[in-house]
Amino acid sequence: MSTKKQKLWGGRFTGKTDPLMHFYNASLPYDSKMCKADLLGTKVYTEGLHKIGLLDVEELSLIHKGLLEIESEWSSGKFEEHPDDEDIHTANERRLGELIGTAVAGKVHTGRSRNDQVATDMRIYCREILNEKILPAVSSFIRVLINRAREEVDVLMPGYTHLQRAQPIRWSHWLSCYATYFTEDYNRLRQVVERLNQSPLGAGALAGHPYGIDRKYLAEQLGFNGIIGNSLVAVSDRDFVIEIMFWGSLFMNHISRFAEDLIIYSTAEFGFINLADAYSTGSSLMPQKKNPDSLELLRGKSGRVFGQLSGFLMTCNSIPSTYNKDLQEDKEPLFDCLTTVEHSCLIATGVISTLSVNEQAMRKALTVDMLATDLADYLVMKGIPFRETHHISGQCVALAEKLQLSGIDKLTLEQYKAIDARFESDVFDIYDFEKSVEKRNAIGGTAKVAVLRQLDNIESELNNIQLKLL
Ligand code: ARG
């Protein structure tokens, strides 16, 4: 069969397509995953054509029967791709022609272009994956973090700045930190879904519909919240693809930081946590090794998602208005981003729900110098300005170091008084990590009540977002 006969746009062509060009141009190998969205779009579009008298009832029902048949072929893996199929749109239309005859199938594309078709398919597909896979995965991850934080609220650990021991915190505070980030991510993704849920269908190739199709009807039937008001925008806007990949990049950034913390905590030097075997691997050479590969991949894959975003941003840069084939380059990075994000979220959930915490090691890592701020606060309570107490506390640290004591708590009252006469015997009461975290009971702090309140707030925020209909 000649190429001319097979290509749906072959009418004006006399020469054959270069075989490498065909391969280079074809998107079917990766866009066939949108087969259902494409068939749904065609079903609704043909209803729209029927409404304006361009298809009669018999034709419409024949087309719908054919579309159902194609859908079951895709679902059962029986759909046979033709070497000349260029993309999912041409493949489905070609098959429809084979099943119901081209006399009727040939009417399906009246007033429609692959330009508004692919834009519609992409939006339907993204909406489905985000709603059915990514959002639920992020939500379960957050709930696992919250539950673990509630259960282990009494476990204390060092909090770090600059990766240096800073002040004692609760392990749950650390978990709550990430639950907060991921809840923001969840919320942000819901907004992205809301924005992308606009219909491009009925925009034609670029200039709009010549037969007065009811675009509102098409949008409603396809579950869109509205229509894109300019046909040039409708066919060429891929901002939603960029937004999803930006969302994915930011989410993976959070995942990466989360993973990095856990990698550090899992080293022998820290020994705060133990990864479950299910999420670790061994070394092919060193028998003793247990490597945190899951976490390293979570960290590493953030670069990949960010790369997909920057690659596609470059693709979009300087494209003239409306549809250009460059836009076909949206699919591979987007699909890769969606899969990577979904899998990363599932792995992160598995890691956090199965790791064990070494409470003793966390406790042992708490050193008295981490209470130097509490020492300064102690003098503040006696009416001395903080800038002064900060200095005095620093002098106590320096003296303890000079005397080679194990910590500032080992200074005698006389030594304290020699530094500042306002020290009294109750100074030793501050050397209690539990008291230190409990003192920070303002909203967002480390006190048990403050941490539990954070967790309650995150949970109710998540519940509220989920109650709001999309
Ligand atoms: N496979 C194409 C894409 O993904 C579909 C649109 C083709 N449009 C065209 N005018 N060639 O962008």
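- In the annotation of an unreviewed UniProt entry, the protein chain is listed under the name Argininosuccinate lyase and assigned to Eremothecium cymbalariae.
- In its Catalytic activity (unreviewed entry) section, UniProt records this for the protein chain: "2-(N(omega)-L-arginino)succinate = fumarate + L-arginine".
- Recorded in UniProt for the protein chain, the comment headed Pathway (unreviewed entry) runs: "Amino-acid biosynthesis; L-arginine biosynthesis; L-arginine from L-ornithine and carbamoyl phosphate: step 3/3."

1. Some points on the overall build of the protein chain
Next, step 1: The number of helices and strands found in the protein chain is 20 helices and six strands.
Next, step 2: For a compact globule of 470 residues, the expected C-alpha radius of gyration is about 23 Å, and the protein chain comes in at 31 Å, more than 25% above that figure.
Next, step 3: For the protein chain, the spread of C-alpha atoms along the three principal axes comes to 100 × 50 × 40 Å.
Next, step 4: Per-residue burial over the protein chain gives 49% buried out of 470 residues.
Next, step 5: Across the protein chain, every contact between residues at least 6 apart in sequence was considered, and the portion connecting residues at least 24 apart equals 75%.
Next, step 6: Carbon and sulfur atoms provide 54% of the accessible area of the protein chain, an area that totals close to 22,700 Å².
Next, step 7: Counting 52 positive and 63 negative side-chain charges, the protein chain places the averaged centre of each group 1 Å from the other.

2. Overview of the pairing of strand E2 (residues 164-170)
Remark: a regular strand shows side chains that alternate across the two faces of the sheet.
Next, step 1: Here strand E1 (residues 156-161) pairs with E2 via six bridges, running antiparallel. Considered in E2, the bridge of Thr161 is made with Gln164.
Next, step 2: Here E1 folds back onto E2 in antiparallel fashion, the turn holding two residues, of which His162 has a positive phi close to 55 degrees.

3. Some thoughts on the packing of aromatic side chains
Next, step 1: What the rule picks out here adds up to 21 aromatic pairs.
Next, step 2: Measuring from centroid to centroid gives 4.0 Å for Trp74 and Phe79, while their planes differ by 5 degrees, and the two rings are stacked.
Next, step 3: Its relative accessible area of 16% is what places Trp74 among the buried residues.
Next, step 4: Under the relative-accessibility criterion, Phe79 is labelled buried at 8%.
Next, step 5: The lysine or arginine in question, Arg127, covers the ring of Phe224, its NZ or CZ lying 5.0 Å from the ring centre.

4. Section: helix H20 (residues 448-467)
Next, step 1: In this model H20 runs 29 Å from its N-terminal to its C-terminal C-alpha over 20 residues, within 8% of the 28 Å that 1.5 Å per residue would give.
Next, step 2: Those residues of H20 that sit buried are Ala450, Val451, Gln454, Leu455, Ile458, Leu462 and Ile465. The arc enclosing the buried residues of H20, seen along the axis, measures out at 145 degrees, which places them on a common side.
Next, step 3: On the buried face of H20, the contacting elements are helix H8 (114-151), E2 and helix H9 (171-196).

What counts, and where the lines are drawn
- Residues numbered from 1 in each chain as written.
- Predicted model: local features only at pLDDT ≥ 70, side-chain atom pairs only at ≥ 80, totals over all residues.
- Heavy atoms only, no water.
- UniProt positions renumbered as here; feature names shortened; annotations may be inferred.
- Helix = DSSP H or I, 4+ residues; strand = E, 2+ residues; numbered from the N terminus.
- Rg over C-alpha atoms; globule rule 2.2 N^0.38 Å.
- Buried < 20%, exposed > 50% of the residue type's maximum accessible area, 1.4 Å probe, protein only.
- Contact = heavy atoms within 4.5 Å.
- Areas by Shrake-Rupley, 256 points an atom, 1.4 Å probe, with all protein chains shown as cover.
- Lys, Arg positive; Asp, Glu negative; His and termini not counted.
- Charge placed at Lys NZ, Arg CZ, Asp CG, Glu CD.
- Pairing = 2+ DSSP bridges.
- Phe/Tyr/Trp six-rings, centres within 6.5 Å; stacked < 30°, edge-to-face > 60°.
- Lys NZ or Arg CZ within 6 Å of the ring centre and 35° of its normal.
- Expected span 1.5 Å × (residues − 1).
- Arc of directions from axis to C-beta.

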